[in-house]
Amino acid sequence: MEYKVSELMISLMAREIKDGDKVLQGLYSPMPMIACLLAKHFHAPNMVFFNTADAVDPDPSEVPFSTAGPKLQENCVAYLPLAEVFDLAQRGELSLIFLGAAQVDMYGNTNLSVIGDFSRPKVRLPGGAASAFLCGFMDTVIWVPRHNSKVFVEKVSFITGQGYINGWDTRERLGIPKGGPRKVITNLCVMDFEPKTKKMRLVSVHPGVTVDDVVNNTGFDLIIPDEVPTTEPPTKEELEFIRSIDPNNVRELEFK
Amino acid sequence: MEKKLMPLKEAIERFVSDGDKVALGGVGRNRCPMDAVREIIRQGKKNLHLIGREKGLDFDMLIGAGCVSKVSFALISLEEFGLAPNFRRYAQEGKIEIDEHACGSIINSIRASAMGIPCIPVKGFIGSDVLRHSKTIKEFICPFTGEKLVLVKALNPDVAIIHAHKADEYGNVQLFGSPWEDIYMAKAAKKVIVTVEEIVPHEEVKKNPHLTAIPYFYVSAVVHAPRGAYPTSCDSYYNYDDEHIKEYVQLAKTPEGFQEYLKKYVYKE
């Protein structure tokens, strides 16, 4: 079955969610929103789905463009203000959050704050939303809809969201007990972090994408294993579900 | 109980002063107090310090209209419509003071304000440059566990402005749907302005006390403002108007264009 890269990325994000996980989706997160609904509908019926609409386990007839929009409250079981989702996070009970980035470096540090000087920036970016808080103690998955060497840079000019900082055991030495980016999911490939050096490593390339495509669009030396498999495409059932809850192509927002 | 129902103009005149720290309710393009934002611009308030979590049009308009000297925020963006043009311009030209937070610190700062404590311990932030540049978040070792945490300063807003669904004339506020930080904001601020879609009889509040999210004694002014969140959404009442936001983005690309927007949509009222 033919599919778009947005649908593949949604399916990949959904696979990061295990049954029973408590997962948070943020603002301007169209693909994570659909991935959470997909996971809950298929392999993770017992996941708890939190989001920027403050709605617990919504089951909307169709997804909204604003990922905090009223539609995302449909058929939810309760409202829980983000303040209390964060309380859960601090208690160690939130499993995962999906975070975006304007820049990502080889250690998974992300920048959503400034390009250039902080007080007189060349480009003032929107700010990292939950990043500086949650990346400091939680597992995260980073998604990047446009994999290129402007996004994937050797060193971010500002660390908004903490990855593995300078790699190796930097997090531990700084007193950051756990968490960190687990995966990076892009329009070209899936990446993770080599356990010892904490350098970004290629996991799989999407169908039709070569390892060279990834290397040429990454601004640092990515670890390339000897064998690089092709990413498993979304199933027919997954695609049908995604299309049924997203008749307005909210999933394409980040590709326009 | 004192009747607090009044016109928007009077509420902003009486309860928003130049230099105030102003917390605005809502998230993204959802249930933001836009009528109040437009009135603040019309009254030409100055040197406001805006406080909010994930904000968009409301912050961007106030900044562009020259009402703002400082922002405390976790994110200011127009979601899929891109970077907030006025925020970006003013920040890049060094014309507003930046107090960058993350959601977890801004929310807990508001909670600390509501609790009457000067600061609150929060996890995370270690290793982030947000912490390095912050004057309101400081590293801290817990004296009991030895854990490395941060302390977030209570921002103590002077005034909170919230758009809600219903209230009676005394200021008992019913809030349906996503609450965000609005209830904490009302409890954190010294003055609270609530604009509402509908004014309901006091008896209705008494019949359904479980629906009262903010009781009257927190509230300074109640304003009847149907469609008062427009062009942002208000739950079951109306959705956001994306065509309007697209027009905003087009016009606000330049300061002159933004003035045109103000003329068309703010000064005409």
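### What about the overall build of chain B?
Then, number 1: A tally of helices and strands in chain B yields ten helices and 14 strands.
Then, number 2: A compact globule built from 269 residues would reach a C-alpha radius of gyration of about 18 Å, and chain B, at 18 Å, matches this within 12%.
Then, number 3: Considering only C-alpha atoms, chain B reaches an extent of 55 × 50 × 30 Å along its principal axes.
Then, number 4: Taken across its 269 residues, chain B has 63% of its residues classed as buried.
Then, number 5: Within chain B, contacts between residues at least 6 apart in sequence are counted, and of these 73% link residues at least 24 apart.
Then, number 6: Placing the 36 positive and 36 negative side-chain charges of chain B at their respective mean positions leaves the two points 3 Å apart.

### Quick look at the packing of aromatic side chains
Residues and elements named next belong to chain B.
Then, number 1: Summed over the entire model, instances satisfying the criterion amount to 14 aromatic pairs over all chains.
Then, number 2: Each ring, one from tyrosine 248 and one from phenylalanine 258, has its centre 6.0 Å from the other, and the planes form 85°; the classification is edge-to-face. One end of the pair, tyrosine 248, is in helix 9 (residues 242-251); the other, phenylalanine 258, is in helix 10 (residues 255-265), and ten residues separate them in sequence.
Then, number 3: The residue whose ring lies beneath arginine 29 is tyrosine 240, and the NZ or CZ to ring-centre distance is 4.3 Å.
Then, number 4: Between arginine 227 and the ring centre of tyrosine 238, over which it is positioned, the NZ or CZ distance is 4.6 Å.

### Examining unusual backbone geometry
All names here are of chain B.
Then, number 1: A cis amide bond links tyrosine 230 with the next residue in sequence, proline 231, at an omega value of 5°.
Then, number 2: Within the fold, proline 231 resides in the loop between strand 14 (221-224) and helix 9.
Then, number 3: In the Ramachandran plot, asparagine 47 falls in the positive-phi region, its phi being about 55° despite a non-glycine side chain.
Then, number 4: Following the sequence through the fold, asparagine 47 ends up in the loop between helix 2 (34-42) and strand 2 (48-51).
Then, number 5: Judged by its relative accessible area of 47%, asparagine 47 is partly exposed.

### Overview of the pairing of strand 9 (residues 148-153) of chain B
All names here are of chain B.
Then, number 1: The pairing of strand 7 (residues 119-122) with strand 9 spans four bridges and is antiparallel. By the bridge assignment for strand 9, proline 121 is matched with leucine 151.
Then, number 2: Where strand 8 (residues 137-141) meets strand 9, five bridges bridge the pair, whose relative direction is antiparallel. Within the sheet, the bridge partner assigned to isoleucine 141 lies in strand 9 and is lysine 148.
Then, number 3: Where strand 8 hands over to strand 9, the hairpin turn is made up of six residues, of which glycine 146 adopts a positive phi near 75°.

### Regarding the interface of chain B and chain A
Then, number 1: Taken together, the contacts link 50 residues of chain B with 48 residues of chain A.
Then, number 2: For the chain B and chain A pair, buried surface summed over both sides reaches about 4,000 Å², with 58% attributable to carbon and sulfur atoms.
Then, number 3: If you sort the residues of chain B by the area they bury against chain A, Glu80(B), Gln92(B) and Lys123(B) come out on top, with a joint share of 13%.
Then, number 4: Our count for the contact surface shared by chain B and chain A stands at two salt bridges.

### Regarding the packing of helix 2 of chain B against helix 3 (residues 57-64) of chain B
Residues and elements named next belong to chain B.
Then, number 1: Running from N to C, helix 2 and helix 3 cross one another at 5°; their axes reach a closest spacing of 10 Å. Regarding the angle of helix 2 to helix 3, the classification is roughly parallel. Here Met34, Val37, Arg38, Ile40 and Ile41 of helix 2 lie close against helix 3, whose contacting residues are Leu57, Asp58, Met61 and Leu62.
Then, number 2: For the contact of helix 2 with helix 3, the per-class residue count stands at seven nonpolar, no polar and two charged.

### What about helix 4 (residues 85-92) of chain B?
Three- or four-residue spacings in an α-helix give side chains the same orientation, since the helix completes a turn every 3.6 residues.
Residues and elements named next belong to chain B.
Then, number 1: Along helix 4, six of the eight residues are buried, which leaves the element largely enclosed by surrounding structure.
Then, number 2: When helix 4 is considered as a whole, its buried residues turn out to be Pro85, Asn86, Phe87, Arg89, Tyr90 and Ala91.
Then, number 3: One or two residues past the end of helix 4 sits glycine 94, with phi positive at roughly 65°.

### Focus on the sheet that holds strand 7 of chain B
Residue and element names in this part refer to chain B.
Then, number 1: Strand order in the open sheet formed by three strands is 7-9-8, and the pairing between neighbours is antiparallel. Lying at the two open borders of the sheet, with one neighbouring strand each, are strand 7 and strand 8. If you compare each strand with its neighbour and ignore which way they point, the axes differ by 35° on average.
Then, number 2: Across the sheet, helix 5 (residues 103-115) touches strand 7, strand 8 and strand 9, and the angle it forms with strand 7 is around 140°.

### Some words on the side chain of Arg29(B)
Then, number 1: With respect to the helices and strands, the residue Arg29(B) is situated in the loop between strand 1 (21-24) and helix 2.
Then, number 2: Overall, Arg29(B) belongs to the buried group, its relative accessible area being 4%.
Then, number 3: A distance of 2.8 Å separates polar atoms of two side chains, one belonging to Arg29(B) and the other to Glu80(B).
Then, number 4: Non-local contacts of Arg29(B), meaning those with residues more than four positions away in its chain, are made with Phe65(A), Ser66(A), Glu79(B), Glu80(B), Phe81(B), Thr232(B), Ser233(B), Tyr240(B), Asp242(B) and Ile245(B).

### A few points about the sheet that holds strand 12 (residues 189-193) of chain A
Residues and elements named next belong to chain A.
Then, number 1: Across the sheet, seven strands lie side by side as 2-1-5-10-11-12-13; this open sheet has mixed pairing. Strands with a single pairing partner mark the edges of an open sheet, and in this sheet they are strand 2 (48-51) and strand 13 (200-205). In this sheet, neighbouring strand axes are inclined to one another by 25° on average, regardless of whether the strands run parallel or antiparallel.
Then, number 2: The pairing of strand 11 (residues 180-186) with strand 12 spans two bridges and is classified as antiparallel. Residue pairing for strand 12: isoleucine 185 is matched across the bridge by valine 190.
Then, number 3: On top of the sheet, helix 1 (residues 5-15) reaches strand 5 (96-99), strand 10 (139-144), strand 11 and strand 12; it is set at about 155° to strand 11, its chief contact.

Here is what the cut-offs are and how they apply
- Residues numbered from 1 in each chain as written.
- Chains lettered and ligands numbered in written order.
- Predicted model: local features only at pLDDT ≥ 70, side-chain atom pairs only at ≥ 80, totals over all residues.
- Heavy atoms only, no water.
- Helix = DSSP H or I, 4+ residues; strand = E, 2+ residues; numbered from the N terminus.
- Rg over C-alpha atoms; globule rule 2.2 N^0.38 Å.
- Buried < 20%, exposed > 50% of the residue type's maximum accessible area, 1.4 Å probe, protein only.
- Contact = heavy atoms within 4.5 Å.
- Lys, Arg positive; Asp, Glu negative; His and termini not counted.
- Charge placed at Lys NZ, Arg CZ, Asp CG, Glu CD.
- Phe/Tyr/Trp six-rings, centres within 6.5 Å; stacked < 30°, edge-to-face > 60°.
- Lys NZ or Arg CZ within 6 Å of the ring centre and 35° of its normal.
- Pairing = 2+ DSSP bridges.
- Buried area = accessible area lost by both parts, 1.4 Å probe.
- Salt bridge = Lys/Arg side-chain N within 4 Å of Asp/Glu carboxyl O.
- Axes fitted to C-alpha atoms, helices over the stretch in contact; angles between N-to-C directions.
- Parallel < 35°, antiparallel > 145°, perpendicular 65-115°, else oblique.
- Nonpolar A, V, L, I, M, F, W, Y, C, P; charged D, E, K, R; others polar.
- Polar contact = N/O pair within 3.5 Å; in protein donor to acceptor, adjacent residues only side chain to side chain.

This is a description of form; function is not addressed.
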